[in-house]
Protein chains: 2
Amino acid sequence: MEHGADIETYQIYSKEKLIDFSSNINPLGIPPLIESKIKGDINNLTRYPDIKYRELKKDVSIYLNCDKENVIVGNGAVEIIDSFTMIVKRVIVFTPSFSEYEKRAKVHNKEIVRLKFDENFNINVEDLERAIQPNDLLILGNPNNPTGLRIDKNTLMDIYDVVRSNDAILLLDEAFFEFSSTDYDSIELFKQNKYSNICILRAATKFFALPGLRLGYGASSVELVDRVNDIMMPWSVNGIAESFAKYLFTDEEYILKSKEYIKNERKFLLNELRKLSNIAAYDTDANFILIRLLNVDEEYALKFFLNRGILIRTCSSFISLGKNHIRIAIKSHQDNSIILDIFKELDKI
Amino acid sequence: MEHGADIETYQIYSKEKLIDFSSNINPLGIPPLIESKIKGDINNLTRYPDIKYRELKKDVSIYLNCDKENVIVGNGAVEIIDSFTMIVKRVIVFTPSFSEYEKRAKVHNKEIVRLKFDENFNINVEDLERAIQPNDLLILGNPNNPTGLRIDKNTLMDIYDVVRSNDAILLLDEAFFEFSSTDYDSIELFKQNKYSNICILRAATKFFALPGLRLGYGASSVELVDRVNDIMMPWSVNGIAESFAKYLFTDEEYILKSKEYIKNERKFLLNELRKLSNIAAYDTDANFILIRLLNVDEEYALKFFLNRGILIRTCSSFISLGKNHIRIAIKSHQDNSIILDIFKELDKI
């Protein structure tokens, strides 16, 4: 399984309508304001998007609390990742992480440098220091997919120092950032450096529960924004996504409620999962949990859950994870209770 | 002006709300069925698109009357153009044509081979024969932008023979095809060859008047579809676009009415424009008209029309056209009458 969310492939294996635990979407759904906005919103499809996305960038800059000149937008986060790989010589990734980092590098014939997280899925900055060269792109998930861990503030600053002093670029993929409880905001942290040598990437896909919208955005230096815009395709963000930012980012109650909800459900799920004896649930700062299977392999688990109407994410497609890991999303309390019961069933095998 | 439709840049120069003649959209608007479909269509944004676009490809294959295995889809036609440039060594373009052909080749560091149309904007097949090499991508607009001319059937077959015998690929950009009155359908024409060495590209953008939707699609060989899919970004077609094909292509009355409408307005506009003495309007098979200015340059004309509330497309950004060409869309009869009056005013200078 190269990506989660591929319900279409797996539905045939289940009599029940599958509940998708393989993709990681805010279980509270979309901001309530949006639902009414889509109605009659045909005008956003019958016009060209602004080729420079001026309004959209302004809306994003207000949400991120940065200058609009520092905003970059794309057809999902993946288009921005793709474009950054194009402007560098080599791409450094830590494994295991989102497969598209390597995929996009490969598509553009870029040399890939693989480093491994330590046994706790943390970054050894000395490993990075030894490997990095000028014009490298280091891509880090924060929190990382599939491990779920965010980078602590001091480590992040150490990494950034290494990147800057080597004239490299750090692409911090924060698609899951809003789900995590952190003591820092990366956008604020790198504001004083005017986002030099860094791009902090976020998306409407996960936290705002709009994977079909295809809206990725981030903050980077004016110089990097210009370089990347220069190679991106025209009108790559569709008209609905372009117009949504206005309503998407302004519902603070929804944002706080979502963060609080995930925090509580994460605690509940981890607690319950850790009572079981044939799985090991890793720590996580995100809205998903990486699980090591102690008695069965991922294929067995995939079928076991499919037979019970649930799609989980097998993880052997993530480099260095082997065949005994699965990833599950944190969903509604009801769905979470259902999957817990099945884990308990699995525990009896 | 690198692209039409950049209303946002030019509105400040006009007191009136600009009428956009710089982009070429079906003046009848969208298929009536669509308008009701967008309402409450939030479900298409809150789910991931099918990463393999199975339903969408089936819907497109029904419209194109080809096998679904031959269908390719993208985030607008431009993503498919971009992807094809990535899999070849050199890109051959005839000038003047859509600037993104060269832009995408340049972005991917591909050698660009420029050939010129003859004085009537037709293709000299012998020029092509001399220039072409194995693994080249020849990109041709059919009809071509900004000239408006389609390729006649015999020439197209000659071109295809040259492309195939040289192991090259022909990308036939037919974004405007449905507007033209042709005696052949390219999809039918190349069906017997199973679209070997060719991709016929169309889009919802122009004929179906949905530039904000970002839906490009085409027919190509199974081998080329696989090669290009392998390098394309995941979920690049958004969820609304994915779901729209079902309704978009089925309204035959709308399709016929649109074709008939453009045919008549094209005739009317060309007739009227040709009564004027300081412009020369070229023949066109599309929903736009290329015009040579005989007494003023494009900048003068741009301002002249802007002052009267109309945005035209200047053409010096098209290679080999110089500074005395403009392009106008064929719009509603009322809008067409308004622009005609201004052309008459211009004629008095």
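What you see is a predicted model; the values in this text were computed from it and never measured.

1. Looking at the overall build of chain A
Right, so step 1: From N to C terminus, chain A includes 13 helices and 13 strands.
Right, so step 2: Counting only residues that meet the buried cut, chain A has 51% of its 349 residues in that class.
Right, so step 3: When contacts within chain A are restricted to residue pairs at least 6 apart in sequence, those whose partners lie at least 24 apart make up 73%.

2. Things to note about the environment of B:Ile42
Residues and elements named next belong to chain B.
Right, so step 1: With respect to the helices and strands, Ile-42 occurs in the loop between α2 (32-38) and α3 (54-64).
Right, so step 2: A tally of 23 C-beta atoms within 10 Å means that Ile-42 is categorised as buried.
Right, so step 3: Separated by 197 residues in sequence, Ile-42 and Gly-239 have C-alpha atoms that sit 9.3 Å apart.

3. Thoughts on the sheet that holds strand β9 (residues 279-281) of chain B
Residues and elements named next belong to chain B.
Right, so step 1: Pairing is antiparallel in the open sheet, where four strands are placed in the order β9-β10-β13-β12. Every other strand in the sheet has two partners, leaving β9 and β12 (313-314) as the edge strands with one partner each.
Right, so step 2: In this sheet, strand β13 (residues 325-329) lies alongside strand β10 (residues 288-293) in antiparallel orientation, the contact comprising five bridges. Note that in β13 the partner of Leu-290 across the bridge is Arg-327.
Right, so step 3: Relative to β10, helix α11 (residues 252-273) is tilted by about 10 degrees, and along the sheet it contacts β9 and β10.
Right, so step 4: Packed on one face of the sheet, helix α12 (residues 298-306) meets β10, β12 and β13 and runs near 35 degrees to β13.

4. Structural notes on the environment of A:Gly309
Residue and element names in this part refer to chain A.
Right, so step 1: Looking at the secondary structure, you find Gly-309 in the loop between α12 (298-306) and β11 (310-311).
Right, so step 2: Here Gly-309 falls in the partly exposed class, since 14 other C-beta atoms lie within 10 Å of it.
Right, so step 3: Considered as a pair, Gly-309 and Ile-339 are 30 residues apart in the sequence and their alpha carbons are 9.6 Å apart.

5. Some thoughts on the sheet that holds strand β3 (residues 90-95) of chain A
All names here are of chain A.
Right, so step 1: Judged by pairing direction, the sheet is mixed, and its seven strands sit side by side in the order β2-β8-β7-β6-β5-β3-β4 without closing on themselves. The sheet is open, and its two borders are formed by β2 (71-74) and β4 (111-116), each paired with just one other strand. When the angles between neighbouring strand axes are averaged without regard to direction, this sheet yields 25 degrees.
Right, so step 2: With five bridges connecting them, strand β5 (residues 136-141) and strand β6 (residues 169-173) associate as parallel partners. Note that in β6 the partner of Leu-140 across the bridge is Leu-172.
Right, so step 3: The strands touched by helix α7 (residues 153-165) are β5, β6 and β7 (198-203); relative to β6, the strand with the most contacts, the crossing angle is about 145 degrees.

6. Comments concerning the packing of α3(B) against helix α10 (residues 239-248) of chain B
Residue and element names in this part refer to chain B.
Right, so step 1: Viewed as axis vectors pointing N to C, α3 and α10 meet at an angle of 30 degrees, and their least axial separation amounts to 9 Å. By the angle class used here, α3 and α10 are roughly parallel. α10 is crossed by α3, and the crossing has left-handed handedness. Each of Leu-56, Asp-59 and Val-60 in α3 lies in contact with α10, whose residues at this interface are Glu-242, Ala-245 and Lys-246.
Right, so step 2: Classifying every residue of the contact of α3 with α10 gives three nonpolar, no polar and three charged.

7. Focus: unusual backbone geometry
Leave glycine aside and you will find that most residues have negative phi; peptide bonds, for their part, are mostly trans.
All names here are of chain A.
Right, so step 1: In this structure, Pro-146 follows Asn-145 across a cis peptide bond, with omega equal to 15 degrees.
Right, so step 2: Within the secondary structure, Pro-146 sits in the loop between β5 and α7.
Right, so step 3: Although it is not a glycine, Asn-197 adopts a positive phi angle of roughly 60 degrees.
Right, so step 4: Tracing the backbone through its elements, the reader meets Asn-197 in the loop between α8 (186-189) and β7.
Right, so step 5: A count of 20 C-beta atoms within 10 Å places Asn-197 in the buried class.
Right, so step 6: The backbone phi angle of Arg-214 is positive, close to 65 degrees, even though this residue is not glycine.
Right, so step 7: Structurally, Arg-214 is set in the loop between β7 and β8 (216-220).

Definitions and cut-offs
Residues numbered from 1 in each chain as written. Chains lettered and ligands numbered in written order. Predicted model: local features only at pLDDT ≥ 70, side-chain atom pairs only at ≥ 80, totals over all residues. Helix = DSSP H or I, 4+ residues; strand = E, 2+ residues; numbered from the N terminus. Buried ≥ 20, exposed ≤ 12 C-beta atoms within 10 Å, placed from the backbone. Contact = placed C-beta atoms within 7 Å. Pairing = 2+ DSSP bridges. Axes fitted to C-alpha atoms, helices over the stretch in contact; angles between N-to-C directions. Parallel < 35°, antiparallel > 145°, perpendicular 65-115°, else oblique. Left-handed = near helix turned anticlockwise from the far one by under 90°. Nonpolar A, V, L, I, M, F, W, Y, C, P; charged D, E, K, R; others polar.

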